[in-house]
Amino acid sequence: MSAGMIWLAALNGIVSLVSTGFAIVAAVRPSALSHEKTPTGGERFYAWMYSVRGVPLGLLGCAVPFVAPGPVSALVLITAAAVQAGDAVIGARRREIRMTVGPAVAGVVHVITAMAVAAP
């Protein structure tokens, strides 16, 4: 793995772990997503659903460029980018800049990394 690829994979790992961290925070404190003092049952349910997909995908997206570069890694990263794009759209609809910019940046990093790991 070249120095540039190591740097890119590390950056991808960082955004993946940050995303994983937000998923864990959402599970532990659902009000972090809804900004309500007392989240409803539905909000808690949504936070857990977010976490159930966010934690494994974040950890997988972090590790896969290092352990399985190639088409499988690219597929995982494109999937992670699609999820981040969805999160960014949700953030934009809520008019929350952090929920829009963070996932958008992470998605771009995932796509760039996917292209790099898929290249022969």
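In this text the structure is predicted, and so the values were computed from the model without any measurement.

1. Overview of the packing of aromatic side chains
Then, number 1: All chains considered together, the criterion is met by one aromatic pair.
Then, number 2: Between Tyr 46 and Tyr 50 the ring centres are 6.4 Å apart and the planes differ by 20°, which places this aromatic pair in the stacked class. Separated by four residues within a single helix, Tyr 46 and Tyr 50 lie in helix 3 (residues 41-67), roughly one turn from each other.

2. Quick notes on the nonpolar core
Then, number 1: Met 5, Leu 8, Ala 9, Val 64, Ala 74, Val 76, Leu 77, Ala 114 and Val 117 form the largest nonpolar core, which has nine residues in total.
Then, number 2: Non-local contacts of Leu 77, meaning those with residues more than four positions away in its chain, are made with Asn 12, Gly 61, Val 64, Pro 65, His 110, Thr 113, Ala 114 and Val 117.
Then, number 3: Membership of the second largest hydrophobic core comes to five residues, among which are Ala 23, Ala 26, Leu 33 and Tyr 50.

3. Topic: the confidence of the model for the chain
Then, number 1: Within the chain, residue pLDDT values average 93, and 100% of them lie at 70 or more.
Then, number 2: Averaged pLDDT values for the elements of the chain fall to 80 in helix 2 (residues 31-34) and rise to 96 in helix 4 (residues 71-93).

Rules behind the numbers
- Residues numbered from 1 in each chain as written.
- Predicted model: local features only at pLDDT ≥ 70, side-chain atom pairs only at ≥ 80, totals over all residues.
- Heavy atoms only, no water.
- Phe/Tyr/Trp six-rings, centres within 6.5 Å; stacked < 30°, edge-to-face > 60°.
- Helix = DSSP H or I, 4+ residues; strand = E, 2+ residues; numbered from the N terminus.
- Core = buried A, V, L, I, M, F, W, Y, C linked by side-chain atoms within 4.5 Å.
- Buried < 20%, exposed > 50% of the residue type's maximum accessible area, 1.4 Å probe, protein only.
- Contact = heavy atoms within 4.5 Å.
- pLDDT = per-residue confidence, 0-100.

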